[in-house]
Amino acid sequence: MAKMWAGRTDGLTDAVADGFNSSISFDSRMYRQDITGSMAHAAMLAKTGIITDEEARQLTEGLQGILDDIDSGALDFDMKAEDIHMFVEEVLTARIGDVGKKLHTARSRNDQVALDLRLCLKDFITELRAEVKKLISALAGKAAENTETIMPGYTHMQRAQPVSFAQHLLAYTAMFLRDCERLGDCLKRTDVSPIGCCALAGTGYTTDSFFEAAKLGMSSVCFNSMDGVSDRDFVVELISDISLIMMHMSRLSEELVLWSSWEFRFVELSDSYTTGSSIMPQKKNPDMAELIRGKTGRVYGDLMGTLTMLKGLPLAYNKDMQEDKEAVFAACDTVKACRDVMIPMIETMKVGADSKRRAAGEGFINATDLADYLTGKGLPFRTAYKISGSVVAACIAAGQTLETLPLETYRGFSELIDEGVYEAVNLDLCMSRRSSYGGTSVLATREQIETVKKELEKI
Ligand code: ARG
């Protein structure tokens, strides 16, 4: 069958070319936005006198019927259609006759597709932000239960200083809060209407882009028609924001994998979010966390693909841009699938407080505190640091810890050391001492939890 745009050509494209060109398999998910956009367009055409109120009524009713039928399953997408825009228009014209052909006045698929995608991503961003908030609440909730759960904090994957599990989890709330902020920022730039830019140059009809944008709940209108139809920055921004969310979830997943190993036993993931092995009966594998980590790579691919697709495009619309949707939808679907398992996995994990404490007691993570103690006795920090290091080496040689080393051995390193040293190296006290703003003491972490709550209210 000849295409709707037959005229300049016979519109009889090759079947393989049709399949190659068609985007309906992935842009049909924008059907609601496409139809809502068309309703606003019909209203604008009537308001400006380009069509009559009666014609607008017929168009709107026809569009509503299509929407209802797609929703109810009474109308299937025709996979032979070129894209969702053509499909809706073809069905509309078949249903209501020639008046359907008036809908595309003062509009092009170029501004139409840009509008549909913006409307679609606006909804997605709003939903994703709400879900990231839930993840933050889950982390803050676990943190609240663990302000006194001591564990080693690591640098270079070497035990470094005592921290609470709350402190560690709250670090992730900070990351995800930034993600929410970024999504909010991206939302602002997505919430701009391109409809009215038409093919690329605007239109000679007396239209009202502002009326149409307002009807669609869009905050502003693209101020340059060529940019309006060729801008996909909002797509890149969203995939980039999703990439960061994935990166944060991936780092957390990596820790969950490590922590649930028998070597660490810092957490035990719920049976619901682990799997067994087909051969090794003892296994409890953290597959979900591993998959989140693994899927992060795909999203980076979506970002790189989109950036690369755009980089050589002259203004204005080019068909290459049809590739944006598969990439952004894939990124959206991936982050959605990951957060859907991440949130309950965090909520249901059990904390191995004993293993954490044992690990905290074995790595000389109080050596800095010993140095600080000696500094308190009047030694310069560098000298104190050196003595503390020698004490650690002696402890390792003797199979001792800083908590168990006898006072006379201590005094062999410095006459300044007295009974007070045991208080200085007491792990709980080491933690509670770090009460600086953002620090790991119980009070400082409680304050952080309050901060997180306040930030969540603001979003
Ligand atoms: N399916 C196209 C896309 O996703 C719609 C716009 C087509 N515009 C055109 N002039 N052929 O980009």
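Note: the structure precedes this text.
Please read these numbers as outputs of a predicted model, since none were measured by experiment.

Sorry if this is basic, but what is going on with the overall build of the protein here?
Regarding its fold elements, the protein presents 19 helices and six strands. If one aligns the C-alpha atoms of the protein with their principal axes, the spans along those axes are about 100 × 50 × 40 Å. Across the 459 residues of the protein, 49% fall into the buried class. Contacts in the protein between residues far apart in sequence, at least 24 positions, make up 76% of those at least 6 positions apart. A total accessible area of about 21,800 Å² is found for the protein, and carbon and sulfur atoms account for 54% of it.

What am I meant to see in the nonpolar core here?
Nonpolar side chains in soluble globular proteins tend to end up buried together. Judged by nonpolar contacts, the single largest core of 95 residues is most densely connected at F176, L238, I242, M249 and L256. Among the elements that line this core, the one with the most residues is helix α6 (residues 109–145), at 14 residues. Apart from residues no more than four positions distant in its own chain, I242 is found in contact with F124, L128, V299, A331, C332 and V335. In this structure, A367, Y373, L379 and I387 belong to the second largest nonpolar core, which totals 19 residues.

Could you clarify how one ought to interpret helix α11 (residues 287–311) in this entry?
Each turn of an α-helix holds 3.6 residues, which means side chains three or four residues apart point in the same direction. The first and last C-alpha atoms of α11 sit 37 Å apart over 25 residues, in line with the 36 Å expected at 1.5 Å per residue. All of the buried residues in α11 are A289, I292, T296, V299, D302, L303, T306, M309 and L310.

What am I meant to see in the pairing of strand β2 (residues 158–164) here?
Each regular strand displays side chains that alternate between the two surfaces of the sheet. Bridge count between strand β1 (residues 150–155) and β2: six bridges; the pairing is antiparallel. Following the sheet pairing, P152 is matched in β2 by P162. Linking two consecutive strands that pair antiparallel, namely β1 and β2, is a turn of two residues; a positive phi of about 55° is found at H156 within it.

Is there a simple way to explain unusual backbone geometry in this structure?
Residue A316 is reached from L315 by a cis peptide bond, and omega for that bond is 5°. Relative to the helices and strands, A316 is located in the loop between α11 and α12 (323–348). You will see that M157, though not glycine, has its phi angle at about 60°, which is positive. With respect to the secondary-structure elements, M157 resides in the loop between β1 and β2. Residue classification places M157 among the partly exposed positions, given a relative accessible area of 49%. One non-glycine residue with positive phi stands out, namely C198, at about 60°. The topology assignment puts C198 in the loop between β3 (192–193) and α8 (209–215). Residue classification places C198 among the buried positions, given a relative accessible area of 7%.

Could you clarify how one ought to interpret the packing of α6 against helix α19 (residues 442–458) in this entry?
Two quantities define a packed helix pair, namely the angle between the axes and the distance from one axis to the other. Running from N to C, α6 and α19 cross one another at 160°; their axes reach a closest spacing of 10 Å. Compared by their axis directions, α6 and α19 come out roughly antiparallel. Here α6 runs over α19; the crossing is left-handed. The segment α6 lies against α19, with K133, I136, S137, A140, A143 and A144 engaging I449, V452 and L456. Of the residues contributing to the contact of α6 with α19, the split by class is seven nonpolar, one polar and one charged.

It is not clear to me how the side chain of S164 should be interpreted in this structure. Could you clarify?
Its place among the elements puts S164 in strand β2. S164 gets classed as buried once you look at its relative accessible area, which sits at 0%. With residues near it in sequence (within four places) discarded, S164 still touches N146, T147, T149, I150, M151, M431, T440 and T445.

I would appreciate a short explanation of the state of the cysteines in the present structure.
Inspection of the entire model under this criterion finds zero disulfides. There is no disulfide at C180, and the cysteine sulfur nearest it, in C186, is 13 Å away.

Help me out: how do you make sense of the environment of M1 in this one?
When you line up the elements, M1 lands in the segment before α1 (15–21). Of the residues examined, M1 reaches a relative accessible area of 89% and is grouped as exposed. Each C-alpha atom of the pair M1 and A160 lies 71 Å from the other, and the pair is 159 residues apart in sequence. If near-sequence neighbours (up to four positions away) are discounted, M1 is found in contact with G11 and L12.

What exactly am I supposed to notice about a nonpolar patch on the surface here?
Among the surface-exposed residues, L200, M226 and L315 lie close enough to one another that they form a single nonpolar patch of about 260 Å² accessible area. As for its position among the elements, L315 is in the loop between α11 and α12. Its relative accessible area of 61% is what places L315 among the exposed residues.

Whenever I open this one, α6 confuses me. Can you help?
Here α6 contains 37 residues, and its C-alpha end-to-end distance of 54 Å stays within 8% of the 54 Å for a straight helix at 1.5 Å per residue. Sitting at the amino-terminal end of α6 is S108, which places a side-chain oxygen 2.8 Å from the backbone nitrogen of N110.

What should I look at first to understand the site of the ligand in this one?
If you check the shell around the ligand, you find S23, D27, D83, H85, R109, N110, V113, Y317, Q322 and K325 and nothing else. Between the ligand and the protein, one listed contact pairs a nitrogen atom with a side-chain N or O atom of S23 at 3.1 Å. A distance of 3.0 Å separates a nitrogen atom of the ligand from a polar atom in the side chain of N110. Protein chains bury 86% of the 340 Å² of accessible surface belonging to the ligand in isolation. Top contributing element to the shell around the ligand by residue count: α6, with three residues. Within the shell around the ligand, the residues separate by chemical class into two nonpolar, four polar and four charged.

How each quantity is defined
Residues numbered from 1 in each chain as written. Predicted model: local features only at pLDDT ≥ 70, side-chain atom pairs only at ≥ 80, totals over all residues. Heavy atoms only, no water. Helix = DSSP H or I, 4+ residues; strand = E, 2+ residues; numbered from the N terminus. Buried < 20%, exposed > 50% of the residue type's maximum accessible area, 1.4 Å probe, protein only. Contact = heavy atoms within 4.5 Å. Areas by Shrake-Rupley, 256 points an atom, 1.4 Å probe, with all protein chains shown as cover. Core = buried A, V, L, I, M, F, W, Y, C linked by side-chain atoms within 4.5 Å. Expected span 1.5 Å × (residues − 1). Pairing = 2+ DSSP bridges. Axes fitted to C-alpha atoms, helices over the stretch in contact; angles between N-to-C directions. Parallel < 35°, antiparallel > 145°, perpendicular 65-115°, else oblique. Left-handed = near helix turned anticlockwise from the far one by under 90°. Nonpolar A, V, L, I, M, F, W, Y, C, P; charged D, E, K, R; others polar. Disulfide = S-S within 2.5 Å. Patch = residues over 30% accessible without salt bridge, like charges linked within 9 Å, V, L, I, M, F, W, Y side chains within 5 Å. Salt bridge = Lys/Arg side-chain N within 4 Å of Asp/Glu carboxyl O. Polar contact = N/O pair within 3.5 Å; in protein donor to acceptor, adjacent residues only side chain to side chain. Near = heavy atom within 4 Å.

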